[in-house]
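Observations on the three-dimensional arrangement
Each chain, written out:
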Amino acid sequence: MALRHTLRQFSRKSCMFSPRLLQARNTSSSAESHATSFGFRQVSEEQKGKLVGEVFESVASKYDVMNDLMSLGLHRLWKDRLVSKLCPFPGMQHLDVAGGTGDVAFDVLEAINRVEQRSLQVLPAEADAEDETRVYVCDINPAMLEVGKQRAKKRGLAGLPSLQWVEGNAEHLDFKDESMDGYTIAFGIRNVTHIDRALKEAHRVLKKGGRFLCLELSHVSMPGFKQIYDMYSFAVIPAVGQYVAGDRNSYQYLVESARKFPTQERFASMIADAGFQDVQYENLVGGVVAIHSGFKL
Ligand SMILES: C[S@@+](CC[C@H](N)C(=O)[O-])C[C@H]1O[C@@H](n2cnc3c(N)ncnc32)[C@H](O)[C@@H]1O
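The structure presented is a predicted model; accordingly, all values stated were derived computationally and were not measured.

1. Considerations on the sheet that holds strand S4 (residues 134-139)
Spatial strand order, S5-S4-S3-S6-S7-S9-S8: seven strands in an open sheet with mixed pairing. On the outer flanks of this sheet lie strand S5 (163-167) and strand S8 (277-284), each paired with one strand and no other. Neighbour to neighbour, the strand axes of the sheet diverge by 15 degrees on average, direction disregarded. Of the pairings in the sheet, the one linking S8 to strand S9 (residues 289-295) comprises six bridges and is antiparallel in character. Pairing of Leu284 across the sheet is with Val289, part of S9. The sheet strands contacting helix H4 (residues 74-86) are strand S3 (93-97), strand S6 (180-186), strand S7 (206-217), S8 and S9, and the helix crosses S7 at an angle near 165 degrees. Its contacts with the sheet place helix H10 (residues 264-273) against S7, S8 and S9, and it is angled at close to 155 degrees to S8.

2. Examining the side chain of Ser119
Tracing the backbone through its elements, the reader meets Ser119 in helix H5 (residues 103-122). Classification of Ser119 by relative accessible area gives buried; the value is 8%. In this structure the side chain of Ser119 is engaged in a polar contact, spanning 2.8 Å, whose partner is the backbone oxygen of Glu116.

3. Description of unusual backbone geometry
Its identity is not glycine, yet Glu178 carries a phi of approximately 50 degrees, on the positive side. Relative to the assigned elements, Glu178 resides in the loop between S5 and S6. Its relative accessible area of 36% is what places Glu178 among the partly exposed residues. Notably, Val285 is not glycine yet its phi reads approximately 50 degrees, a positive angle. Its location among the elements puts Val285 in the loop between S8 and S9.

What counts and how
Per-chain numbering applies: the sequence of each chain, read as written, is numbered from 1 onward. Selection of residues for local features in this predicted model requires a pLDDT of at least 70, selection of side-chain atom pairs for listing and counting requires 80 or more, and totals for whole chains, interfaces and linings are taken over all residues. In computing side-chain properties, one takes all heavy atoms of the structure into account and sets aside hydrogens as well as water. Strand pairing follows a simple DSSP-based rule, namely that at least 2 bridges must link the two strands. Helix and strand definitions here come from DSSP, where helices need a minimum of 4 consecutive H or I residues and strands a minimum of 2 consecutive E residues; each element is numbered from the N-terminal end. The axes are straight lines fitted to the C-alpha atoms, using for helices just the contacting stretch, and the angles between their N-to-C directions are given from 0 to 180°. We call two residues contacting when some pair of their heavy atoms lies within 4.5 Å. Residue exposure (1.4 Å probe, protein chains only): buried if accessible area is under 20% of the type maximum, exposed if over 50%, otherwise partly exposed. By the criterion applied in these results, polar contacts are pairs of N or O atoms within 3.5 Å in which, for protein atoms, one can donate a hydrogen and the other can accept it, and in which residues neighboring in sequence qualify only through two side-chain atoms.

Dropping the structure here:
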């Protein structure tokens, strides 16, 4: 327990938030709206949930290969960056929402195992058979979770108490208040109908000192690069989706939904409005994706 406490302290210190605070701005709540965007289309809120469900049911079996193709493998580095910011530690209670096929959860568990192995070399007496580490993969779509469970089996992670698969909605999480040390959501939040509700839920389930991290497709502003990126997104990605997954429309939606997602600054404001502090973001590849972070203090 002493080791766990030390690791926790170390993890917290090395992942301390910087003093740069972004000011919360007024945001309008999409909870009041009855129409919302599904890509470039306006649909009712009920329709959006159904359509998003259909997209991920359709792409689930090809999701991972498509991720590698669309991002040219970069999504792995982006997820590594996300997890390195989280500073996972043994005993951590972590929730990965919209966790899909498990990439982020696997990375979190591997990071925890590395810390544990290192610490056991130094203090072997601290080995704890009943490790309380819990990494929950929560996703609304059973097809995505099923692919994730199969992948966990291949990695030898199936049946571990530290890895739990939960079907659930980011807007109404079935987890207790202040029960999580960390919350991640990767390429998930733009699919959620009420982003503000999902952010409030993230805040609710985090313990004080817990960290929220979101990796999401974002906005490129660099002239020249923006044109190239737009061309790649709208011409190449749906075509690859058609060729590899036999589903052009789902990938057209993925591209469009990224363009409809709030800008980096606006999303930072929404996170602050949900109650998070020290809200920051980091652009990767010129803003193709951004990692937003906030603390519950
Ligand atoms: C693009 S995938 C991301 C999967 C995984 N996080 C990754 O980075 O590879 C988006 C995921 O969000 C899930 N999702 C969409 N709406 C959701 C909601 N309201 N609550 C929970 N998960 C949701 C989908 O089922 C899908 O698995």
